[in-house]
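Chain by chain, the residues run as shown.
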Amino acid sequence: MEWLDWLKYAVLGLIQGFTEPIPVSSSGHLVIAEKLFGLHMEGLSFEVLVNFASLLAILLIYRKDIVRLAVNTFRFIFKRDPDAKSDFMFVVYLILATIPAGVIGVVFKDTIADVFKGIKIIGATLLITALALWLIRNLRGRKGDKDLSFGETFIVGLAQSVALIPGISRSGATIVAAMALGWKQETALRFSFFLYIPVSVGSMILEGKDMIKDPMMGQLIGPYLLAFICSFVASYFALKWFMGLMARGNLKWFSVYCVFAGLFVLFFLN
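Read on for an overview of the structure. (Residues numbered from 1 in each chain as written. Predicted model: local features only at pLDDT ≥ 70, side-chain atom pairs only at ≥ 80, totals over all residues. Heavy atoms only, no water.)

By size, the foremost hydrophobic cluster in this structure holds 52 residues, and its most contacted members are Y62, F191, F242 and F254. Sort the elements by how many residues they give to this core and helix α9 (residues 185-213) lands first, with 7 residues. Y9, L12, A33 and A53 belong to the second-largest nonpolar core, a separate cluster that totals 12 residues. (Core = buried A, V, L, I, M, F, W, Y, C linked by side-chain atoms within 4.5 Å. Buried < 20%, exposed > 50% of the residue type's maximum accessible area, 1.4 Å probe, protein only. Helix = DSSP H or I, 4+ residues; strand = E, 2+ residues; numbered from the N terminus.)

Spelled out as structure tokens, the structure:
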């Protein structure tokens, strides 16, 4: 492969990695980048692979929380430790919130892909994302990890399923729903990214056998590894940056960006 091909994969890995943690739709930006640069990703499921790199970055950042949740879940199940109950329930809520997107994705994935296709759809959904972010930009909830409920977490799960539509940000949809329900920003952010874990793992499992059997594996393994690394690094620093912005309540800037990006797609891309 020529060096321009390697550069193509590196750039797309950086784009996906940087946009995955922030509420602007990583999948939408991959399509936009491919359209702008005249690229077409062949062979392996590129998006699933670089999404998995983003997952590893998220696991690294939240490693202490994940270990605590796992330990306390086992403590509550096997020892009935009352101090571990809140973490156990947090895990239960995560499992519940995963169901809507999992079911809808399996049953209606092909239908959604057929109905919501084309670059203009991404332009329109970016504007929808912008509106949603603008509406919740000043909300300051009071509900923390211990204040969640089955109904509210299921609603957040339904919001995640909306992100099956191209151009709708998964993190944006879940954070908007959580904050609209009165959750604290840090709780909304943490819950949103913990929800990403089963989604990414599930996609990797479903695509895994096809990726292994791909006849272009030998040719693409180098560029895909480069894209994987770029996505991991970009996701790590983007999430760290986004956590700081969330703490300062600066979601409005993502709304403004999505407006300009959406209008650009609608008027300048075909």
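So much for the structure itself; the text now carries on.
Moving on, we come to the side chain of T187. Within the secondary structure, T187 is located in helix α9. Among the residues examined, T187 registers a relative accessible area of 2% and is labelled buried. Residues contacting T187, with those up to four places away along its chain left out, are K143, G144, D145 and L148. (Contact = heavy atoms within 4.5 Å.)

Below, the discussion takes up the environment of K120. Following the sequence through the fold, K120 ends up in helix α6 (residues 119-135). For the pair formed by K120 and F268, sequence separation is 148 residues and the distance between their alpha carbons is 9.9 Å. Among residues more than four places away in sequence, those in contact with K120 are V265, L266, F267, L269 and N270.

This part covers the packing of aromatic side chains. The way to describe two aromatic rings as a pair is by their centre distance and the angle between their planes. Evaluation of the coordinates by the stated rule reveals 13 aromatic pairs. Between Y62 and F194, the ring centres sit 5.3 Å apart and the planes meet at 80 degrees, which makes this aromatic pair edge-to-face. Placement of the pair is Y62 in the loop between α3 (46-61) and α4 (63-79) and F194 in helix α9, with a sequence separation of 132 residues. Note on Y62: relative accessible area 5%, which makes it buried. With a centroid separation of 5.8 Å and 65 degrees between ring planes, the pair formed by W241 and F254 is classed as edge-to-face. Here W241 is found in helix α10 (residues 217-248), whereas its partner F254 is found in helix α11 (residues 252-268), with 13 residues between them in sequence. (Phe/Tyr/Trp six-rings, centres within 6.5 Å; stacked < 30°, edge-to-face > 60°.)

Let us look at α4. Residues lying three or four places apart along an α-helix face the same way, a consequence of the helix completing one turn every 3.6 residues. Spanning 17 residues, α4 covers 23 Å between terminal C-alpha atoms, matching the ideal 24 Å at 1.5 Å per step. Of the residues making up α4, those classed as buried are D65, L69, N72, T73 and F76. Taken down its axis, α4 places every buried residue within 110 degrees of arc, on the same side. Across from the buried face of α4, at angles greater than 90 degrees, the exposed residues are K64, V67, F74, F78 and K79. Once α4 finishes, R80 follows within two positions and takes phi at roughly 55 degrees, a positive value. (Expected span 1.5 Å × (residues − 1). Arc of directions from axis to C-beta.)

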